[in-house]
Amino acid sequence: MERPEGSPAPPPLCRELWGPREAARYQGDPRGGLQRLVPPGACPHSGLRRAAARVLLPQGYPESVSPDYLQYQCWDALQALCSTLTGALATRAVLQAVGVGDSAATVTGATLTWVLRDGVGMVTRIAFAWLQGSRLDCEAKQWRLAADVLNDAALVLELLAPAWPRAGPALLTLAAAAKCIVGVAGGATRAALAVHQARRDNMADVAAKDSSQETLVNGAGLLLALLLLPLLEGRPWLTWGVVTLLLGTHLGANLGALRALRLPTLNRPRLRLALGGALRGGAGGGGATHPHPAGKGGVVVTVPGPEDVNPREPLLPGFGTRLSLHLGAPLHRLVNSEAEFKKALECGTEDYIIVLRPAQGWVGVGLRRGAPPDTPLRACAQALLLEELLGPDLPPGAPMGAALRPLQHRLRRCPPGTVPWGVVAESSRLWRTLGPAFLHGLAAAGWETQRHLLAPDEWQLDWAGPGGGASEEPRPSAPPQ
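Since we're looking at a predicted model, the values are computed, not measured.

Q: Explanation requested: the sheet that holds strand E9 (residues 362-367) in the structure shown.
A: The pairing of strands in a sheet comes from backbone hydrogen bonds and takes either a parallel or an antiparallel form. Taken together, the three strands give an open sheet; going across it, the order is E7-E9-E8, and neighbouring strands pair in mixed fashion. A single partner strand is all that each edge strand has here, and the edge strands are strand E7 (324-327) and strand E8 (352-357). When the angles between neighbouring strand axes are averaged without regard to direction, this sheet yields 10 degrees. Inspection of the sheet shows E8 paired to E9 by six bridges, in the antiparallel sense. Across the sheet, Arg357 pairs through a bridge with Trp362, a residue of E9. Against the sheet, helix H13 (residues 375-389) touches E7, E8 and E9, its axis set at about 20 degrees to E8.

As structure tokens, this is what we get:
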């Protein structure tokens, strides 16, 4: 029976969706079968696009990845293309440096140079993983950029090697060492970013598709290199001009990729910026803030969210810090006498103690064994609060300014070379109320407070006092963060 003209179409029996997008609708036909209808908004090439998505994108994209995934991957593809093209030019230079095309060169000499490069690279890889491996998760952005800068430096060394035959082996060895650091730092930070991008416990799928994208880009780069190398043969000035352009684009694309990330986990730079925005409001926040219901004690702390803080995170280690922070310090680093230890206990909390030495530019935090899992986050935030008080004056309209401005003035009047115990004690008293409210504000703004990247040291203290006492048998520790 035909539908009268102008009457509404009957609802479909079923709709077929690919992810969030409608691909087809099904209705019954007069013979009792199913009729598949393509809706007007569906792309006629949806089959081809679905095939490309299955090959290059994680299953369930875009719902299965973080919102910053596409922007980051586009920048990452551009930097990989530039690196591949520069690497092809550097490979030609390396072959020239080891004697390819030189009748005076010997196979033994080239072999020794190659073995020396590999040997130094192996030692460098192990040493770097030992010295910095624990910080690669906590400073993924910073080490991602450092790896790309080192990679560019290694390529420049390889390009310079043919011009200085006597120094060629040394330059190639230095380049190999730098590339090994790049391999460790780049691989580790790539894994850390995959954890952020994966939203359905699909980290392996995200990493595999990232590898497929990189392989496709590298293949395109090799094809372009086949066209580029003959054009640059015998033209050193043009070669260096192309290299400069590629390296500049490579670093610019890396900066764009890192600025596109919106990591919701707190490391020290992001916690410092979030705390500064909460203390100074518009003066230090630099972006929109997130109001929320009052926390403990009715105190409201408004905290900038990840989308506000991440673009301002410094990408060079150490920038934006006034104090060197040792989170999880041993007792011999914190105090020098029994009197100082008792003073630290009086001015601290039952879960941690803080010692501030402004003249030395140092603040240390001793974490108590068996303290609650959120202790490192609360302790680190209080230490960063003391660092913030050493900075510029809090503006008159700053949140919590009425309580913290007098404390800031007292801190500046402390005699040089002394520990401002009174300021530490007052900050601990205030933080008993402000700390839980600040953590509540972090969670409301979209930060992960159950998991952090603050890199506390392994030292823990067990002292006599409220909540327990020092004993021969250590108490069970809190679950690791």
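Q: How should I be thinking about the pattern of salt bridges in this particular structure?
A: Opposite charge on two side chains permits them to pair, given that their charged atoms come into close proximity. Evaluated as defined, the whole model comprises 21 salt bridges. For Lys209, the salt bridge goes to Asp205, with nearest N and O atoms at 3.2 Å. Taken together, the positions of Lys209 and Asp205, both in helix H6 (residues 203-232) and four residues apart, correspond to about one turn of that helix. On the basis of relative accessibility, which here comes to 14%, the residue Lys209 falls in the buried class. Between Glu426 and Arg429 there is a salt bridge; the shortest N-O distance is 2.5 Å. Taken together, the residues Glu426 and Arg429, both in helix H15 (residues 421-445) and three residues apart, mark about one turn of the helix. Judged by its relative accessible area of 45%, Arg429 is partly exposed. One network of salt bridges, with partners in common, ties together Arg117, Glu158 and Lys179.

Cut-off values and rules
- Throughout this document, residue positions are counted from 1 along each chain, in the order its sequence is written.
- Local features in a predicted model are, by the rule used here, given only for residues with pLDDT of at least 70; side-chain atom pairs are given and counted only at 80 or more, and totals for whole chains, interfaces and linings are based on all residues.
- Excluding hydrogens and water, the side-chain figures rest on all heavy atoms present in the structure.
- Strands qualify as paired when DSSP identifies two bridges or more between them.
- Every helix listed is a DSSP run of H or I at least four residues long, and every strand listed is a run of E at least two residues long, numbered separately from the N terminus.
- Between N-to-C directions, angles cover 0 to 180 degrees, with each direction set by a line fitted to C-alpha atoms, over the stretch in contact for helices.
- The contact criterion used throughout is that any non-hydrogen atoms of two residues lie within 4.5 Å.
- Counted as salt bridges are all cases of a side-chain nitrogen of Lys or Arg within 4 Å of a carboxyl oxygen of Asp or Glu.
- Accessible area is worked out with a 1.4 Å probe on protein chains only. A residue is then buried under 20% of its type maximum, exposed over 50%, and partly exposed in between.

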